[in-house]
Amino acid sequence: MIHAHMTAWFLALVLFFVALGLHKSGKEKGAKIVQMVLRLFYVLILLTGFGLLFSININLMYVLKAAVGLWVIAMLEMILIRTKKNEKASILWIQFIVAVLLVLYLGFSLPLGTYLF
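The structure reproduced in this document is the subject of the present report. Just so you know, these numbers come straight off a predicted model, no measurement behind them.

What to know about the overall build of the protein
Moving on, step 1. Helices and strands together make up the secondary structure of the protein, namely four helices and zero strands.
Moving on, step 2. When its helices and strands are written in sequence order, the protein yields α-α-α-α.
Moving on, step 3. A compact globule built from 117 residues should have a C-alpha radius of gyration of about 13 Å, and the protein, at 15 Å, falls within 12% of that.
Moving on, step 4. Sequence-distant contacts, at least 24 apart, represent 71% of the contacts inside the protein between residues at least 6 apart.
Moving on, step 5. For the protein, the accessible surface area stands at approximately 7200 Å², while carbon and sulfur atoms represent 74% of it.

Given below as structure tokens:
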């Protein structure tokens, strides 16, 4: 389940940057398709994440990681929406970077993350 979760996150990040590039190059139809596939990956991330969360003894740090993960997903979607509307998204990018660094730190420092190595 951990590897499915990490794979879904990796593919979601790749799809995010592809959708962003398509928006910026003016290919709206392709960007819309990629963004819909990206939303499917959001659902996969949520399903695997909640599956992991409820398969262990839940403590506050895992709940915090889940909340920060939701924050990352929200920033991804909001950045794409603002880019599509040609609005400024610099504060969202800062939040995205902070949230990604925090979720990576929590993900790899918690005991469940140490099973990966």
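We are not done yet, so read on.
Quick notes on the packing of helix α1 (residues 2-24) against helix α4 (residues 90-109)
Moving on, step 1. Across the interface, α1 lies against α4 with an axial gap of 14 Å and an inter-helix angle of 165°. Taken together, α1 and α4 sit at an angle that is classed as roughly antiparallel. Remark: the crossing between α1 and α4 carries left-handed chirality. Within the contact between the two elements, α1 uses M6, L13, F16, F17 and L20 and α4 uses W93, F96 and F108.
Moving on, step 2. For the contact of α1 with α4, a count of residues per class yields eight nonpolar, no polar and no charged.

A look at the nonpolar core
Moving on, step 1. With 28 residues, the main nonpolar core has F16, L38, V72, L76 and F96 as its most contacted residues.
Moving on, step 2. Broken down by secondary-structure element, the contributors of at least two residues to this core are α1, α2 (28-54), α3 (60-84) and α4.
Moving on, step 3. Among the elements that make up this core, the one with the highest residue count is α1 (eight residues).
Moving on, step 4. With near-sequence residues (within four places) excluded, F96 lies in contact with L13, V72, M75, L76 and I79.

Observations regarding the packing of α3 against α4
Moving on, step 1. Contact geometry of α3 with α4 gives a least axis separation of 9 Å together with a crossing angle of 150°. Taken together, α3 and α4 sit at an angle that is classed as roughly antiparallel. For the pair α3 and α4, the crossing hand works out as left-handed. Each of M61, L64, K65, V68, G69, W71, V72, M75, L76, M78, I79 and R82 in α3 lies in contact with α4, whose residues at this interface are L92, W93, Q95, F96, V98, A99, V100, L102, V103, L106 and G107.
Moving on, step 2. Residue composition of the contact of α3 with α4, by class: 18 nonpolar, three polar and two charged.

Cut-off values and rules
Residues numbered from 1 in each chain as written. Predicted model: local features only at pLDDT ≥ 70, side-chain atom pairs only at ≥ 80, totals over all residues. Heavy atoms only, no water. Helix = DSSP H or I, 4+ residues; strand = E, 2+ residues; numbered from the N terminus. Rg over C-alpha atoms; globule rule 2.2 N^0.38 Å. Contact = heavy atoms within 4.5 Å. Areas by Shrake-Rupley, 256 points an atom, 1.4 Å probe, with all protein chains shown as cover. Axes fitted to C-alpha atoms, helices over the stretch in contact; angles between N-to-C directions. Parallel < 35°, antiparallel > 145°, perpendicular 65-115°, else oblique. Left-handed = near helix turned anticlockwise from the far one by under 90°. Nonpolar A, V, L, I, M, F, W, Y, C, P; charged D, E, K, R; others polar. Core = buried A, V, L, I, M, F, W, Y, C linked by side-chain atoms within 4.5 Å. Buried < 20%, exposed > 50% of the residue type's maximum accessible area, 1.4 Å probe, protein only.

Limitation: the analysis is restricted to geometry and does not speak to function.
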